[in-house]
There are 2 protein chains.
Amino acid sequence: MTMDLTFLGTGAAYPSPHRGASALVLRAEGDCWLFDCGEGTQTQLMKSQLRVGCISKIFISHLHGDHLFGLPGLLCTVSLNTNPDPQQALNCVDIYGPRGLRHFLRVTLGLTGSQLLFPYAVHELEPTSDQSPAEGQLSLEMTTDSGPLHPQERSGRTITLDVSTDSYLLFKDKVFVVKAFRLFHRIPSFGFCIQEHDRPGRLRTERLKELGLKPGPLYGCLKAGESVTLDSGLVVQPSDVLEDTIPGRKVCILGDCSSILGTKIFDVCHGADVLVHEATLANQHKDKAVDHGHSTPQMAAAVARVCSAKRLVLYHFSQRYKPSSQQKEGDKDDVTELKRQAEEGLQDCDVEVLLAEDFLSVPVPLRR
Amino acid sequence: MTMDLTFLGTGAAYPSPHRGASALVLRAEGDCWLFDCGEGTQTQLMKSQLRVGCISKIFISHLHGDHLFGLPGLLCTVSLNTNPDPQQALNCVDIYGPRGLRHFLRVTLGLTGSQLLFPYAVHELEPTSDQSPAEGQLSLEMTTDSGPLHPQERSGRTITLDVSTDSYLLFKDKVFVVKAFRLFHRIPSFGFCIQEHDRPGRLRTERLKELGLKPGPLYGCLKAGESVTLDSGLVVQPSDVLEDTIPGRKVCILGDCSSILGTKIFDVCHGADVLVHEATLANQHKDKAVDHGHSTPQMAAAVARVCSAKRLVLYHFSQRYKPSSQQKEGDKDDVTELKRQAEEGLQDCDVEVLLAEDFLSVPVPLRR
Ligand SMILES: [Zn+2]
Ligand SMILES: [Zn+2]
Ligand SMILES: [Zn+2]
Ligand SMILES: [Zn+2]
């Protein structure tokens, strides 16, 4: 199964003609999951290789406008790009994000009279009080969603922290398990860990032939991990006829943060194939970065190191850092310096560092 | 005083890479007023010749997302581009729009923890029940703003229809009087009439010299329309020493509509130097246009005719109509056909028709 990440916006604070506001798509076999949705994401999506109608799940790291203001418009435009199928109901779009997101969508879609062709549900993550300074926390009053649901809204879950793993279980299906974890920022922020399940190796057809086993239902049993007894009485174990297990891939995408909460989360994120981490300002501006709840390349590198990530992708750059292609002689701030600083922090370990730019696509190849 | 209009977005329904969502700036002597603010308006503003920080008043025609979803982000970015002046308080940004706008901003700015450097006030227009089908009307419950004000919010006015003129008086200052009027659309929509006051003509200095009047406070009196008695006993009338009165200009900007409510509004809009009217679909799609609460070029032309407008600017085109510069051979829909259709409806009168494109600037010269 092919898997890749496409960055739709890599700028901090607001969208600019050089860098869109935060948005990133994880594509796995045609299914597209959107992570954050700053203003202008729908237009960036139209400019990319992806189809606007492909988004099936949405994850919002935190409620700052540069990660959220594009969401109501995106939902409306996805709906316009949806073919109503009179034969079957359209799938529900699941949206995950901090408490308050449900009310935000209900009010923005409601007051604008926006009707969607598909149903949606908002599954809210309940932050803990140590995820931000006190002034960054929303009162229960502000996030109340006691009113009627939007006509296309389905009831969503409220998900609380599992203290035994320092994480939130968002969902688990046949292919993936997706968890969230807590980040410290000016307002509560979250990271997401997308873990693909290990899959059985391919059937060794040569060996099956030698054993006299013809294609049929028994092949499925072996692939599913069950042993099979032949007419001859011989018992065939799956391990006899399967190639090595295909290990699942892991992608970790962190929202804005100056630190991660909960030490057990490093086990959850351990060995990530791709770790996406913000690096808003260069190392020399660390005080300012941390003061605003943000990270430097060195801080991002430290997270990649402790997680033993294979690749670190930096994004969410201050708009002062132009994309390399638009860098002009004499520009004071150079985004490649951010890459150098992260690499400096990872000198003795085997982590590749990438700089995200709008429309950069990063493949997540199968592990070997 | 120079005056011009700059279109930041000219597309209907959603922003695209070819046409931004609705937004338009009226500039008068450096003061910038924004009319509608679809998603991506702040980025369009950055791409234009205008400064992001220049916006001092905002007018929202109706609450559809393609006219509104850019507003919270625009306010945040205007704030980032504002220099806090410790010597004096920043001016309040006045925002005018339909009932519900106050709640929309309070919730979007509130849940995202957005703090602005300047105060703002939302002055709500109370629609009448004949401005839309019943399903397009917001319940009082949905627009309630009983909660606490946003920290930077100042109390705004609630403005009701003046039935004697079929209009809403938004404000009157030394230079302008601005009124709104009712449009029929899927949800209540408004048009805006910006009327500059007539100004006294220039002082005829030759004539003043002949009369023996030296520069001084008496010049100001004459300019202000007061007669002056000289030492000789001679009474000088302003009309003796002033050139012709400089007539005020008039700009009318209509939001989405399939018709205008109130016949007296044609007097208010009479003689507009520029009339900005939507033309979402071509004449041959009139049924569909009206069904969706929209207009065709022919319908826009009829309004320009009855108002005796000097110039008609068409905008809010369906995204199927690419800008002329991006038109390709074989494209089925041609935006210049919309211009032709409006001109056809204005054959026997002297109205110039323009097609708006993103970043088009239309001067509003002094009347002669
Ligand atoms: Zn951010
Ligand atoms: Zn943030
Ligand atoms: Zn519209
Ligand atoms: Zn509309």
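Under an unreviewed UniProt entry, the name given to chain A is ElaC ribonuclease Z 1, and the organism recorded is Cynoglossus semilaevis. UniProt, in its Cofactor (unreviewed entry) section for chain A, records the words "Zn(2+)". According to the UniProt record, the Subunit (unreviewed entry) comment for chain A reads "Homodimer."

Caption draft 1: Representation of the coordination of the zinc ion (ligand 1) within the structure. Residues and elements named next belong to chain A. Protein coordination at the zinc ion (ligand 1): the donors are Asp 66 (OD), His 67 (NE2), Asp 256 (OD) and His 316 (NE2), at 2.2 to 2.3 Å from the metal. Each of the four donor atoms around the zinc ion (ligand 1) contributes to a set of angles spanning 88 to 166°, which defines the coordination as irregular. Donor residues for the zinc ion (ligand 1), ordered by position in the chain, follow D-H-x188-D-x59-H. A separation of 3.4 Å is found between the zinc ion (ligand 1) and the zinc ion (ligand 2), which are bridged by Asp 256. With a gap of 249 residues between them, His 67 in helix H2 (residues 65–68) and His 316 in the loop between strand E17 (311–315) and helix H11 (335–344) connect regions that are remote in the sequence. Each member of the pair, His 67 as well as His 316, carries the same accessibility label: buried.

Caption draft 2: Expanded view of the domain arrangement of chain A. Each domain of chain A was delimited in the assignment, giving domain 1 (3–81 + 90–198 + 246–363) and domain 2 (205–241). In this structure, domain 1 of chain A and domain 2 of chain A have C-alpha centres spaced 44 Å apart.

Caption draft 3: Inspection of the packing of aromatic side chains at higher detail. For the coordinates displayed, the defined rule picks out 20 aromatic pairs over all chains. Each ring, one from Phe 35 of chain B and one from Phe 59 of chain B, has its centre 4.5 Å from the other, and the planes form 5°; the classification is stacked. Taken as a pair, Phe 35 of chain B in strand E3 (residues 31–37) and Phe 59 of chain B in strand E4 (residues 55–59) lie far apart in primary sequence, 24 residues in all. The exposure class assigned to Phe 59 of chain B is buried, which follows from its relative accessible area of 0%. One Lys or Arg, Lys 57 of chain A, reaches over the ring of Phe 171 of chain A and ends 4.6 Å from the middle of that ring.

Caption draft 4: Region of the structure containing the coordination of the zinc ion (ligand 4). Residue and element names in this part refer to chain B. Bound to the zinc ion (ligand 4) on the protein side are His 62 (NE2), His 64 (ND1), His 185 (NE2) and Asp 256 (OD), at distances that span 2.2 to 2.3 Å. In this structure, the zinc ion (ligand 4) is coordinated by four donor atoms arranged in irregular fashion, with angles at the metal of 89 to 168°. For the zinc ion (ligand 4), all donor residues lie on one chain, and their spacing in sequence is H-x1-H-x120-H-x70-D. In this model, the zinc ion (ligand 4) sits 3.4 Å from the zinc ion (ligand 3), the two metals being bridged by Asp 256. Separated by 192 residues along the polypeptide, His 64 in the loop between E4 and helix H2 (71–80) and Asp 256 in the loop between strand E14 (250–254) and strand E15 (259–260) bring together distant segments of the chain. Like His 64, the residue Asp 256 is buried in the burial classification.

Caption draft 5: Quick peek at the UniProt feature "domain: Metallo-beta-lactamase" (unreviewed entry) in chain A. Taken from the UniProt record, the annotation "domain: Metallo-beta-lactamase" (unreviewed entry) applies to residues 246–317 of chain A. Secondary structure across residues 246–317 of chain A comprises 28% helix and 24% strand; the distance between its end C-alpha atoms is 35 Å.

Caption draft 6: Layout of helix H3 (residues 101–111) of chain B. Residues and elements named next belong to chain B. Most of H3 is tucked away: 11 of the 11 residues are buried. All buried positions along H3 are accounted for by Leu 101, Arg 102, His 103, Phe 104, Leu 105, Arg 106, Val 107, Thr 108, Leu 109, Gly 110 and Leu 111. Two residues or fewer after H3 comes Gly 113, characterised by a positive phi angle close to 60°.

Caption draft 7: Quick peek at the side chain of Asp 36 of chain B. Mapped onto the elements of the fold, Asp 36 of chain B is located in strand E3. A distance of 2.7 Å separates a polar side-chain atom of Asp 36 of chain B from the backbone nitrogen of Ser 61 of chain B.

Caption draft 8: Spotlight on the pattern of salt bridges. Summed over all chains, the structure comprises 38 salt bridges over all chains. We note a salt bridge from Glu 210 of chain B to Arg 207 of chain B, for which the minimum N-O separation is 3.1 Å. Taken together, the residues Glu 210 of chain B and Arg 207 of chain B, both in helix H4 (residues 205–210) and three residues apart, mark about one turn of the helix. The exposed category is assigned to Glu 210 of chain B, whose relative accessible area is 60%. You can call Arg 207 of chain B partly exposed: its relative accessible area is 29%. Its salt-bridge partner being Arg 340 of chain B, residue Glu 344 of chain B comes within 3.2 Å of it at the nearest N-O pair. With Glu 344 of chain B and Arg 340 of chain B both in helix H10 (residues 335–344), this residue pair falls four residues apart, about one helical turn. The exposure class assigned to Glu 344 of chain B is partly exposed, which follows from its relative accessible area of 44%. Shared partners join several salt bridges into a network, and the residues in it are Asp 130, Asp 166 and Arg 182 of chain A.

Caption draft 9: Representation of the layout of surface pockets in the model. When its volume is computed, the second largest pocket comes out at roughly 470 Å³. Together, 32 residues line the second largest pocket, and Thr 43 and Lys 47 of chain A together with Thr 43, Gln 44 and Lys 47 of chain B are the ones closest to its centre. Looking at the lining of the second largest pocket residue by residue, the class counts come to nine nonpolar, 14 polar and nine charged.

Caption draft 10: Here's a closer look at the relation of the copies chain A and chain B. When chain A is fitted to chain B, the best match, at an RMSD of 0.1 Å, comes from turning it 180° and sliding it 0.0 Å along the axis. Between the two chains, the operation in question is that of a two-fold axis. No C-alpha of chain A lies nearer the rotation axis than that of Gly 40 of chain A, which sits 2.7 Å from it.

Caption draft 11: View of the nonpolar core. Residues Ile 58, Leu 71 and Ile 95 of chain A together with Ile 58, Leu 71 and Ile 95 of chain B are the most contacted members of the largest nonpolar core, which totals 68 residues. Setting aside anything within four residues of it in sequence, one finds Leu 71 of chain B in contact with Cys 37, Ile 58, Ile 60, Ile 95, Leu 101 and Leu 105 of chain B.

Caption draft 12: Local environment of the interface of chain A and chain B. Every contact between the two is made by 37 residues of chain A and, on the other side, 37 residues of chain B. Summing both sides of the interface, chain A and chain B together bury roughly 2,700 Å²; the carbon and sulfur share of this comes to 72%. Sorting the residues of chain A by area buried against chain B places Glu 39, Phe 69 and Leu 111 of chain A first, and these three jointly supply 26% of that buried surface. The tally of links between chain A and chain B comes to zero salt bridges. Counting only elements with at least two residues in the side of chain A that touches chain B, the list comes to helix H1 (41–47), H2, helix H3 (71–80) and helix H4 (101–111) of chain A. Here the residues of the side of chain A that touches chain B sort into 17 nonpolar, 18 polar and two charged.

Caption draft 13: The arrangement of the environment of Met 46 of chain B in detail. Take Met 46 of chain B: it is sitting in helix H1 (residues 41–47). The partly exposed category is assigned to Met 46 of chain B, whose relative accessible area is 24%. With 285 residues separating them in the primary sequence, Met 46 of chain B and Asp 331 of chain B have C-alpha atoms 30 Å apart. The contact partners of Met 46 of chain B, leaving out residues within four places of it in the chain, are Tyr 14, Pro 15, Ser 16 and Pro 17 of chain A together with Val 52 and Thr 77 of chain B.

Caption draft 14: Fine view of the environment of Asp 173 of chain A. Residue and element names in this part refer to chain A. Of note, Asp 173 is situated in the loop between strand E9 (167–172) and strand E10 (176–184). Assessed through its relative accessible area of 34%, Asp 173 is described here as partly exposed. Reaching out from Asp 173, the side chain makes a polar contact with the backbone nitrogen of Phe 176 at a distance of 2.7 Å.

Scoring rules and cut-offs
- Residues numbered from 1 in each chain as written.
- Chains lettered and ligands numbered in written order.
- Predicted model: local features only at pLDDT ≥ 70, side-chain atom pairs only at ≥ 80, totals over all residues.
- Heavy atoms only, no water.
- UniProt positions renumbered as here; feature names shortened; annotations may be inferred.
- Donors = N, O, S within 2.8 Å, 3.2 Å for Na, K, Ca; no water.
- Tetrahedral: all angles 85-135°; square planar, octahedral: opposite > 155°, others 65-115°.
- Helix = DSSP H or I, 4+ residues; strand = E, 2+ residues; numbered from the N terminus.
- Buried < 20%, exposed > 50% of the residue type's maximum accessible area, 1.4 Å probe, protein only.
- Domains from an automatic or database assignment.
- Phe/Tyr/Trp six-rings, centres within 6.5 Å; stacked < 30°, edge-to-face > 60°.
- Lys NZ or Arg CZ within 6 Å of the ring centre and 35° of its normal.
- Polar contact = N/O pair within 3.5 Å; in protein donor to acceptor, adjacent residues only side chain to side chain.
- Salt bridge = Lys/Arg side-chain N within 4 Å of Asp/Glu carboxyl O.
- 1 Å grid on protein atoms, 1.4 Å probe; cavity = no way out; pocket = protein on both sides within 12 Å on 5 of 7 lines; lining within 4 Å.
- Points joined across faces, edges and corners; volume = space filled by probe spheres on them.
- Nonpolar A, V, L, I, M, F, W, Y, C, P; charged D, E, K, R; others polar.
- Least-squares fit on C-alpha atoms with pLDDT ≥ 70 in both.
- Core = buried A, V, L, I, M, F, W, Y, C linked by side-chain atoms within 4.5 Å.
- Contact = heavy atoms within 4.5 Å.
- Buried area = accessible area lost by both parts, 1.4 Å probe.

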